[in-house]
Amino acid sequence: MTSPALRAVHAPFPAPRRAPTAPAWALLLCLLLPLAWPAWAQAPDAAQEVPATPADAAIAALSAASGELQTLRDRLPQAQETAEFVQLRDAAVALEVRVQEAVRTLETESKAAQARAEELGPAPADASAEDADVRRRRQELADRVSSLDSAVARGRLLALDVRDLRDAAASAQNRRLGATLSERFGSPLGPRLWRSVAEDLPADRQRVQAFLNTLERTVGDAIARFGAAAAIGTALLALALAWPVRRLLRRLGRNYAIRHTPGGRLRRSALALWVVASGTACIGVAAYLLSQFLRWGQPASEVMERLADAGVAAAVLGALAATLGNGLLLPNNASWRLPPLPDDIVGRLRRYPWLAGGLIFLDRLVEAIAEAIRPNDALGAVVTGAVALSYGLLAIGVRRERLHTGGRDGGAVHLAAALRVLLAAMRLAVLLLLAALCLGYFQFALLVGREVVWVTIVAALLYLLWVGVDDLCGMLFGCDSRMAAATASAAGIPRRRMQQAGLIVAAVTKVALVLMAAGLVLAPLGTSFSGWRELLSMAAGGLRIGEVTIAPAGVAKALVILGGGWAAVQAAHAWLVERYLPATDLDSASRNSVATVARYFGVTLVAAMGLAALGISIQQIGLVVGALSVGIGFGLQAITQNFISGLILLAERPVKIGDWVSVGEFEGDVKKINVRATEILVADRSTVIVPNSDFITKPVRNVTLADPLGRVLVQFSVPLDTDVDAVRATLLEVFAQNPAVLDEPAPSVTLDGIANASIAITAVGFTRSPRIVGGTRSEVLFELLRRLRAQGITLAPTAQNIRLVQDPDAAAARDAGPGAPA
C-alpha cells in the first residue's frame, strides 16, 4: 500500500490527463487511431434501438443517470487520492448537465403537448356531444402531459441528488487534502526520521529489487518480441525525434514564418507557438515510442502499463515547460525574441527551462516508480523532501540571477513589473518551502515547490497566448491589415469600426485566457474545469424574460443573421447606387431617394429577422411598443417627428439633394437628407444641420425646384445731364459680351425715375441657374465701371441730408458781446 507521504506527493500535482499538453496528445491520438481500429471493427453491428421521440430519449437518459448516480455513490467511500475526487466531481457535473438537458427537453415536450390540448378547447359538459376521436385525442394528450410532468419532477429530484453527491465529494476532498498537507514527519535535522529509514531499509530494498526484476523482464520480453533491430530502430527514432527532428521542425517553422507570415510581431509570436507545439509533440511521441518497451511484456504487467503511461505524461509535461521557456527566450535568435529581454539575461536564464522540464519529468517518473514499489512511510517522506528541496534549489538558482529589464519600451517596462512580482512571490515561496522542510511538513513543502514551477509555466503560457491574441487581432482587424481592409470594403464598415471590433474580440479572449489561467494555477489543489461545463449548461438553458427565452444559440443565430444581413444590405445598396440606378432615367435626387428608402427597408427587414431568431415575435414587439408609447409620445416626440418628416421628404421630394433652398436665415445647397436631419452647405462652406420637421412645418424657399432662371439685377444712378442713351447702349453691350447672360430672355434697361438731380437706372439680365447669379453680377459690374470711366460718365453721388445743430448758450454769449460776464 502506498504510504500517506507518497500519496500526498502525488495528489496535489495536476493529473497527467489534465496537463496542458493538447498538441502532444492530439498527435499521439492520431498515431493511436490505426491501432484502435481493429477493436472498433470487432464491435457489434447490431444497431441500438433509437427512442421514438425526444421525450422518450430524455426519459431513458434519466433512467441511465439514476444508475450512474448509484455507481458514483459507491465509489465515493473508496476514493483516497485527489485525482479520484476530481474525477468523481467531474463525473457528477457531467451527469448533472445531462439530467438538466433531459429535464429541459421534457419541459419543452410537456408545453408542446399542453398547447395541442388547448387547441382542442375545453371538454363539453355532455361528453356524448363530442366526437369520439377528439375525446380520445384529448385523453391521450392529458395522459402525455401528466407523464411528462412526472418525469420532469423525477429529473429535478435526480439533479438535486447529483448536486448533493458533488458537494459531498468536494467536502471529502478538502478534508483529505487538509489532512495530507498537515501530516508531519520527523524533521530532517533530527535523527528520528533517518533512524526510521534505516530500520525499513531491508524491506524497501527487497521491494526495489522486485521492481527492477519486473522492469528487466518486461524490457527483455519486449526486445525479444520486437527483435533487436526493431528495438534499436525504435530507440534511435525516439532519439531523433527528441533532438534533430525537433530542431529541424523549428528551423522549418522559422522559414515558413519568414515567407508566409505577415511582418510584425505576429511572425515572432507564431514562431514561439510553433516552437512550443512542435517541441512538445516530438518529445511526447519519442516518449510514447520508448514506452512500448514497457507495454509488450509477456505476460503484460499492469504496473508497467501504468509506469509507461506516467512516463509519457511526465515527458509531455516536462517538454511543455522546457519548450515554452526556450520559445520565449530564443537564445540564438535575438531578433525573433518575443519578450524584450536583453541578451545577458537570456544567457543566464537559458538553462533553467530545461532544468525545470527535467525536474518535472523526474518528479513524475519517481512518482510512478514509487507507486509501483510502494515503499514504507519513512522512505516516502525522504523522497518527498528530496523532490521538494530540488524545486526549492531551482527557484533559488533563478532568484540568484540578477534579472532586470531596461529600456524605454513600454513592453519592457510591463515585463519588468511582471518579473518583479513573480520573483517576489518566488522568494516568499522558497522561504515557506524551506521552513516546511525543516519542520517536517514534506507534503506541504512539495506542494509549494510544485506550485512555484507550475505558476511560472502558466504565466509564461498566458504571456505567449496574450501576445498571440493581440497580434492575431491586429492582423485581422488592424488599420494596416489587408484582410481588414477587404472585409471593411465588402461590408461597408469604416476601418475605425473594424479596429474597435478587434479590440473587443481581443479583450473578450484575454478575459477567457485569464480565467483559464486561474483555473490552471489552482489545479494542484484539486480544482478542475467541470464548473465551466456547468456554467455552459446553465447558459444553454437561456435567460427567460417574461414569455421570451434568450438562449446562446438564438443569440449566435441572431448575430449571424444581423451580420450577414447587414453585409447583404450594403452590397445591395452599392449595386443600386453604382450599377442599376445610373442605368435608369431617374435624376440624381430620385436615385438617392430610391437607394435610401431601399436601404431603410433592408435594415428594417434584417432587424426583424434578427429579433425573430432571438425568439421575439412581432406581437411581442407590438406589446413593447405599446407599453413605451407614452414615453415615445413625450420623450421621443421630436425624434419621431423628424424621422417621419425625413420619410416624407424622400417620398414627396419637395426638397432634393442638389436643390438651392432657403430655410430661415440659412441659404445653400442640400447635400444630404438623413433620417433625422438634412445637411445644407452654405456660402462660407460650412454645413448647417436642419431638422427634417422644419421642411414640413415651416415655409421653405426652394430656388431650384422648378428649374428657374437666375436674374442679374444692376441698379445705379447717374447725374441729370448724363447721356442716358449711351449708358443704355453700354449696359446692353456688357450683358451681350458676358457668356453667362442669356440672349433669351433678352436683357433690358429701364429708367426708374428722376429725383434729386439724378437719373435712376435698372438693368436686368438672366442666367441659366440662380447659383451663378452672384459671380455673373460681379463680372457685369466690373466691366460696367471700366466702360463708364472710359467714356467719362460718372455716377451720381448719394444724396446726403446735413443738419446743423446750434448750442443755445454759445449763441447767447455771442449776442451779449465781448464785455459780458462769462
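Residues numbered from 1 in each chain as written. Predicted model: local features only at pLDDT ≥ 70, side-chain atom pairs only at ≥ 80, totals over all residues. Heavy atoms only, no water.

1. Notes on the packing of aromatic side chains
Argument step 1. Applying the stated rule across the entire model yields 4 aromatic pairs.
Argument step 2. An angle of 40 degrees between the planes, with centres 6.3 Å apart, marks the rings of F185 and F442 as tilted. Residue F185 is located in the loop between α5 (132-181) and α6 (191-226), and its partner F442 is located in helix α14 (residues 442-477); the two are separated by 257 residues in the primary sequence. Like F185, the residue F442 is buried in the burial classification. (Phe/Tyr/Trp six-rings, centres within 6.5 Å; stacked < 30°, edge-to-face > 60°. Helix = DSSP H or I, 4+ residues; strand = E, 2+ residues; numbered from the N terminus. Buried < 20%, exposed > 50% of the residue type's maximum accessible area, 1.4 Å probe, protein only.)

2. Re the sheet that holds strand β8 (residues 710-719)
Argument step 1. Taken together, 3 strands build an open sheet; the order of strands is β8-β10-β9 and the sheet is antiparallel. The strands lining the two open edges of the sheet, one partner per strand, are β8 and β9 (748-755). With strand direction ignored, the average angle separating the axes of adjacent strands in the sheet is 20 degrees.
Argument step 2. Relative to strand β10 (residues 758-767), β8 is paired through 10 bridges, and the arrangement is antiparallel. Bridge pairing links P719 to S758 in β10.
Argument step 3. Here helix α25 (residues 773-791) sits on the sheet in contact with β8 and β10, set at roughly 30 degrees to β8. (Pairing = 2+ DSSP bridges. Axes fitted to C-alpha atoms, helices over the stretch in contact; angles between N-to-C directions. Contact = heavy atoms within 4.5 Å.)

3. A short note on a nonpolar patch on the surface
Argument step 1. Where nonpolar side chains cluster on the molecular surface, the patch consists of I232, L236 and L239 and spans about 320 Å² of accessible area.
Argument step 2. Tracing the backbone through its elements, the reader meets L239 in helix α7 (residues 228-260). (Patch = residues over 30% accessible without salt bridge, like charges linked within 9 Å, V, L, I, M, F, W, Y side chains within 5 Å. Areas by Shrake-Rupley, 256 points an atom, 1.4 Å probe, with all protein chains shown as cover. Salt bridge = Lys/Arg side-chain N within 4 Å of Asp/Glu carboxyl O.)

4. Digging into the confidence of the model for the protein
Detailed reading of predicted coordinates is not advised where the pLDDT is low.
Argument step 1. Of all residues in the protein, 82% have pLDDT values of 70 or greater, and the mean over the chain is 81.
Argument step 2. Note on residues 1-48: pLDDT under 50 across the span, and 82 contacts to partners over four residues away in sequence or across chains. (pLDDT = per-residue confidence, 0-100.)

5. Focus: the pattern of salt bridges
Argument step 1. Counted by the stated rule, this structure contains 27 salt bridges.
Argument step 2. With a closest N to O distance of 2.7 Å, R450 and D363 form a salt bridge. Residue R450 is located in helix α14, and its partner D363 is located in helix α11 (residues 352-373); the two are separated by 87 residues in the primary sequence. The exposure classification of R450 matches that of D363, with both residues buried.
Argument step 3. Across the pair D470 and K510 runs a salt bridge, and its minimum N-O distance is 2.6 Å. Within this pair, whereas D470 is found in helix α14, its partner K510 is found in helix α16 (residues 495-521), the two being separated by 40 residues in sequence.
Argument step 4. Overall, the relative accessible area of 26% leaves D470 in the partly exposed class.
Argument step 5. The class for K510 is buried, based on a relative accessible area of 14%.
Argument step 6. Within the structure, one salt-bridge network assembled from shared partners comprises E96, R163, R166 and D167.

6. Remarks on the side chain of R364
Argument step 1. The residue R364 is located in helix α11 in this model.
Argument step 2. You can call R364 buried: its relative accessible area is 5%.
Argument step 3. Here E367 takes part through its side chain, which lies 3.0 Å from a polar atom of the side chain of R364. (Polar contact = N/O pair within 3.5 Å; in protein donor to acceptor, adjacent residues only side chain to side chain.)

7. Things to note about the packing of helix α8 (residues 265-291) against helix α9 (residues 302-329)
Argument step 1. Packing of α8 against α9 brings their axes to within 8 Å, and their N-to-C directions diverge by 155 degrees. In terms of their interaxial angle, α8 and α9 are classed as roughly antiparallel. The handedness of the crossing between α8 and α9 is right-handed. Here A272, V275, V276, G279, T280, I283, G284, A287, Y288 and S291 of α8 come into contact with α9, specifically with A308, G311, V312, A315, V316, A319, L320, T323, L324 and G327.
Argument step 2. Classifying every residue of the contact of α8 with α9 by side-chain character gives 13 nonpolar, 7 polar and no charged. (Parallel < 35°, antiparallel > 145°, perpendicular 65-115°, else oblique. Left-handed = near helix turned anticlockwise from the far one by under 90°. Nonpolar A, V, L, I, M, F, W, Y, C, P; charged D, E, K, R; others polar.)

8. Some remarks on the sheet that holds strand β4 (residues 666-673)
Argument step 1. Pairing is antiparallel across the open sheet formed by 5 strands, whose spatial order is β6-β5-β4-β3-β7. Only two strands of the sheet have a single neighbouring strand rather than two, namely β6 (687-691) and β7 (701-702).

9. Remarks on helix α3 (residues 54-75)
Owing to its 3.6 residues per turn, the α-helix brings residues three or four apart onto one side.
Argument step 1. Taking 1.5 Å as the rise per residue, α3 with 22 residues should run 32 Å; its terminal C-alpha atoms sit 31 Å apart, in good agreement.
Argument step 2. Turning to α3, its buried residues number three or more, namely A55, A58, L62, A65, L69 and L72. With its buried residues spanning 85 degrees around the axis, α3 presents them on a single face.
Argument step 3. Summarising the contacts, the buried residues of α3 are in contact with α4 (82-119) and α5. (Expected span 1.5 Å × (residues − 1). Arc of directions from axis to C-beta.)

10. Section: α9
Argument step 1. Relative to the 40 Å expected for 28 residues at 1.5 Å per residue, α9 spans 41 Å between its end C-alpha atoms, a close match to the ideal helical length.
Argument step 2. Counting buried residues along α9, 23 of its 28 residues qualify, which places the element largely inside the surrounding structure.
Argument step 3. Just beyond α9, the residue with positive phi is L330, at close to 45 degrees.

11. A few points about unusual backbone geometry
Argument step 1. Omega for the peptide link from Q298 to P299 comes to 5 degrees, which places this bond in the cis form.
Argument step 2. Mapped onto the secondary structure, P299 falls in the loop between α8 and α9.
Argument step 3. E744 connects to P745 through a cis peptide bond whose omega is 0 degrees.
Argument step 4. Even without being glycine, R685 reaches a positive phi, approximately 70 degrees.
Argument step 5. Its place among the elements puts R685 in the loop between β5 (677-682) and β6.
Argument step 6. Unlike most non-glycine residues, N756 shows phi in positive territory, near 55 degrees.
Argument step 7. Position of N756 relative to the elements: it lies in the loop between β9 and β10.

12. Focus: the pairing of β5
Argument step 1. A large share of β5 lies buried, amounting to 5 of its 6 residues.
Argument step 2. Inspection of the sheet shows β4 paired to β5 by 5 bridges, in the antiparallel sense. Across the sheet, K672 pairs through a bridge with E679, a residue of β5.
Argument step 3. Here β4 folds back onto β5 in antiparallel fashion, the turn holding 3 residues.

13. Brief notes about the packing of α3 against α5
Argument step 1. At a minimum axis distance of 10 Å, the contact between α3 and α5 shows a crossing angle of 25 degrees. What the angle tells us is that α3 and α5 run roughly parallel. Judged by the twist between their axes, the crossing of α3 over α5 is left-handed. Contact with α3, carried on its side by A55, D56, I59, L62, A65, S66, L69, L72 and R73, involves R144, L148, A151, G155, L158, D161, V162 and L165 of α5 and no other residues of that element.
Argument step 2. The residue inventory of the contact of α3 with α5, partitioned by class, reads 11 nonpolar, 2 polar and 4 charged.

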